Every structure is written in structure tokens, then in C-alpha cells.
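Chain by chain, the residues run as shown.
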Amino acid sequence: MTRWLIAIAVMASAVMELVDTSAVNVSIPYIAGNLSASITEATWVLTSYLVSNAIVLPLTGWLSSRFGRKRLLLTAVSGFTLASMLCGLAPTLQLLIVFRVLQGLFGGTLQPITRAILLESVPREERGHAMAMWGVGIVVAPILAPVLGGWLTTDYSWRWVFFINLPVSIFGWTRVKLYVFDPPYLKRVKHGADYWGIGLLALGVAALQVMLDKGQEADWFASHMIVTLAVVAVICLTAFIWWELRAPNPVVHLRLLKYRTFGTAAALSLV
């Protein structure tokens, strides 16, 4: 019974983050009108979240080993909840974008860490069922999120797209606090952080994400901004790969890709 309570707890955390990613899309015209901004300016509400989310997601494994998996998950859910509340209360577009960055930083760890916890909380023979349940939630959440976001925005206010996270977050946090524990083999890393790797990853991923998100608006490579972002992304990510393959304590263990099963699964996910 406990393992399924854990599954419900981590699923609530992961689904909450996915719903918020998609639900905000339909609220952009209302956000722009309410905060006296153009649609183009308001789309930074989406871009800022995606950029910060993409930066922190590859760092989840290192953060787990640095601070502990349970502590990281509790911090992520707490931070995501607080950032959601601040987004709903934001009086200006600029502050909303800042709070969305915070929301993305905390929310980026939720998907990988919840999957890891769910996988380890069930016996080997039940892992297929657990991953199938997790997969259904991950697929269904983005499909239903625009409907939920549209209903909340038109019938109430775009601010409720963020406030709706609060009860789900509180439920998920309490269940994680009660039922989730770090596995005995997970030992906290005590060596120094790979600051070069973190810096190159953050800069490269941020440039790549903004380029992909804003390229259509800026007519792609006809824009100097897009060209600059592409150059920065290529240089930083190439340097990141080179550095991580040589660093004694890399922040992202790229050598794991040499294992055929893991490397093939990662390649298929990319495709």
C-alpha cells in the first residue's frame, strides 16, 4: 500500500509541473491585456520558464547526490508552490517573468526525480505497471492542461492557472514528507562542484532554448539575435561536452551513453 501512496505523491508533483507548462499557453492574450503588454512581450512568460527548466533538468542527478533526493524533491515542490503563488500575484509582466524563471528552476527537477523515486519504490516485477502509470500521467497532463487553462482563464482569471497548483502541491509535499525516503546506496557527494560544467551547460542550453523559441518570430537566421544565439549555443555546448568528458567529477555523466541500452533509449527519446 505504501508504495502506491509514494506513486500518487510523485505523480502529483510531476503532473503539476506539466500542467502548468501547457496551461499557461492559452492565457497569454489575457496576461498581455491585463498587464498592458503586447503578445510578443507576454510570450516571454513561456520562454523564461522553458529556459530555466531546460537548464536545471540535466543537473537533477548531481543535485540529488549533492543534497539528497528527498530533500531536493521537497525543496523543488516547496519552491514551485511559492513561485506559482507569486506568479498569480504578479502586478507587472516583468515580475511575472522573474517568478516564472524561479518556477522553471524548481520545476525542472520534478520529472526526472519523481521517475527515479517511483522506479525504486516498487518491486522489480511491478516496475512495468508503475512506469506505465507514470507514462499515462505524463501524456494525459499536457493534453488536458490547455482545456483546464482555458476554463480557468475565461471563467475566472489567468491568475488561477497558477493558483490551481497550490492544493496539488500541498498534497504532494505532505505525501512525499511522509512516505519517501532516500535509498541506502545514495550517498551525498562531498567534493567540489563542477562550476565550469554548470556554467557552460547553463549558457549553452539557455541560448539554444531562446533561439528555438524565438526563431519563428525573428525570421530565424535573418535575425542577428538568432545567429548570435546559435553561435553561443554551439560553442558552449561543444565546450561543455569536451569538458565533461575530461572533468574528474562531471556534473553530467556523459559516459553513461556508451551503455547500449541507455544510449539507444536516449537517442530514441531525442528522435
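Along every chain, residues carry numbers that run from 1 in the direction the sequence is written. Residues qualify for local features only when their pLDDT is at least 70, as the model is predicted, and side-chain atom pairs are given and counted only at 80 or more; totals for whole chains, interfaces and linings, by contrast, use all residues. For side-chain calculations, the full set of non-hydrogen atoms in the structure is used, while hydrogens and water are omitted.

Re helix α11 (residues 165–179)
Here is the rule: Put simply, DSSP marks the helices as runs of H or I at least four residues long and the strands as runs of E at least two long, and each gets a number from the N terminus on. Expected span, for any helix, means 1.5 Å times one less than how many residues it has. For every residue, the accessible area obtained with a 1.4 Å probe (protein chains only) is divided by the maximum for its type, and the residue is called buried under 20%, exposed over 50%, and partly exposed between those limits. This arc is taken over the directions from the axis of the helix to the C-beta atoms.
In this model α11 runs 21 Å from its N-terminal to its C-terminal C-alpha over 15 residues, within 8% of the 21 Å that 1.5 Å per residue would give. Residues of α11 that are buried: N165, S169, G172 and V176. Projected down its long axis, α11 carries its buried residues within an arc of 70 degrees, all on one side. Across from the buried face of α11, at angles greater than 90 degrees, the exposed residues are P167 and I170.

Observations regarding the packing of helix α6 (residues 69–89) against helix α8 (residues 110–121)
A pair of packed helices is captured by two measures, namely the crossing angle of their axes and the spacing between those axes. Using the following cut-off: The axes are straight lines fitted to the C-alpha atoms, using for helices just the contacting stretch, and the angles between their N-to-C directions are given from 0 to 180°. Oblique is the label for any angle not under 35 degrees, not over 145, and not in the 65 to 115 range, which are roughly parallel, roughly antiparallel and roughly perpendicular in turn. Definitions for this section: a left-handed crossing has its near helix turned counterclockwise from the far helix by less than a right angle. A right-handed crossing has that turn clockwise. It only takes one pair of heavy atoms within 4.5 Å for two residues to be counted as in contact.
Two numbers describe how α6 lies on α8: the axes approach to 11 Å, and their chain directions differ by 135 degrees. It follows from the interaxial angle that α6 and α8 lie oblique. Judged by the sense of rotation from one axis to the other, the crossing of α6 with α8 is left-handed. Judged by residue contacts, R69, L72, L73, A76 and V77 of α6 engage L110, I113, T114, A116, I117 and E120 from α8.

So, the pattern of salt bridges
Heads up, the condition is: Definition used for salt bridges: Asp or Glu carboxyl oxygen within 4 Å of a side-chain nitrogen of Lys or Arg.
Applying the stated criterion to the full structure yields 1 salt bridge. Here E217 makes a salt bridge to K214, at a shortest N to O gap of 3.7 Å. For E217, a relative accessible area of 46% corresponds to the partly exposed category.

Describing the side chain of K214
Following the sequence through the fold, K214 ends up in helix α12 (residues 195–214). What K214 contacts, discounting residues up to four positions off in sequence, is T40, T43, W44, T47, M225 and I226.

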